[in-house]
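Analysis of the macromolecular model
Spelled out, the chains give:
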Amino acid sequence: MRRVLGSGSPRRRELLAVLGLEPAEIRAPDIDEDPLKGERPRPYCARITREKAAALTAGEGEVI
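Now for a look at the structure at hand. These numbers come from a predicted model, not from an experiment.

Focus: the overall build of the protein chain
When you go through the protein chain residue by residue, the secondary structure sums to 2 helices and 3 strands. The order of helices and strands in the protein chain, counted from the N terminus, is β-α-β-α-β. With respect to the three principal axes, the spread of C-alpha positions in the protein chain is 40 × 25 × 15 Å. Of all 64 residues assigned to the protein chain, the portion counted as buried reaches 22%. In the protein chain, 33% of the contacts between residues at least 6 apart in sequence involve partners at least 24 apart. Total accessible area on the protein chain is roughly 5000 Å²; 54% of this is exposed by carbon and sulfur atoms.

A word on the layout of surface pockets
Space left empty within the atom packing is revealed by a probe, the size of a water molecule, rolled over the atoms. Considered as a void within the structure, the largest pocket measures approximately 490 Å³ in volume. As for the largest pocket, its lining consists of 24 residues, and the residues nearest its centre are Leu-5, Gly-6, Ser-7, Arg-12 and Lys-52. For the lining of the largest pocket, the elements supplying multiple residues, two or more each, are strand S1 (2-5), helix H1 (10-18) and helix H2 (41-55). Along the lines of polarity and charge, the residues of the lining of the largest pocket split into 14 nonpolar, 5 polar and 5 charged.

A word on H1
Measuring from the side-chain oxygen of the N-cap residue of H1 to the backbone nitrogen of Arg-11 gives 3.2 Å; that N-cap residue is Ser-9. Positive phi appears at Gly-20, one or two residues downstream of H1, with a value of about 80°.

Rules behind the numbers
Sequence positions are assigned chain by chain, starting from 1 and proceeding in written order. For a predicted model such as this one, the threshold for reporting local features is a pLDDT of at least 70, and the threshold for listing and counting side-chain atom pairs is 80 or more; totals across whole chains, interfaces and linings nevertheless cover every residue. In computing side-chain values, all of the structure's heavy atoms are included and hydrogens and water are not. Runs of H or I in DSSP of at least four residues are treated as helices and runs of E of at least two as strands, each being numbered from the N terminus. In this scheme, a residue with accessible area under 20% of its type's maximum is buried, one over 50% is exposed, and one in between is partly exposed, where area comes from a 1.4 Å probe on protein chains only. By definition, residues are in contact when any of their heavy atoms lie within 4.5 Å. A 1.4 Å probe and the Shrake-Rupley method give the accessible areas. Residues count as covered only by the protein chains that appear here. Method remark: on a 1 Å grid restricted to protein atoms, a set of points is classed as a cavity if a 1.4 Å probe fits but cannot get out and as a pocket if it is open with protein on both sides within 12 Å along at least five of seven lines; lining residues have an atom within 4 Å of a point. Grid points are joined across faces, edges and corners, and a volume is the space filled by probe spheres set on the points. Gly counts as polar in this scheme, as do all residues outside two lists: the nonpolar Ala, Val, Leu, Ile, Met, Phe, Trp, Tyr, Cys and Pro, and the charged Asp, Glu, Lys and Arg. Distance and chemistry together define a polar contact, namely a pair of N or O atoms within 3.5 Å, with one atom able to donate a hydrogen and the other to accept it when in protein, and with adjacent residues in sequence counting only for side-chain atoms on both sides.

Written out as structure tokens, the structure is:
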């Protein structure tokens, strides 16, 4: 299984390294990460996660 980090954030890569995981590739999704007007933190995080997942496609044998 090939691991793909679906974020361009250096911090995400650091967090994976703490767990002993190294992504084979980094693919940063091209989405607008600005919060919506009045959007609270928890719904913001859930929305961004869904949008990032929808913006990236895993190839055969890959997990994002």
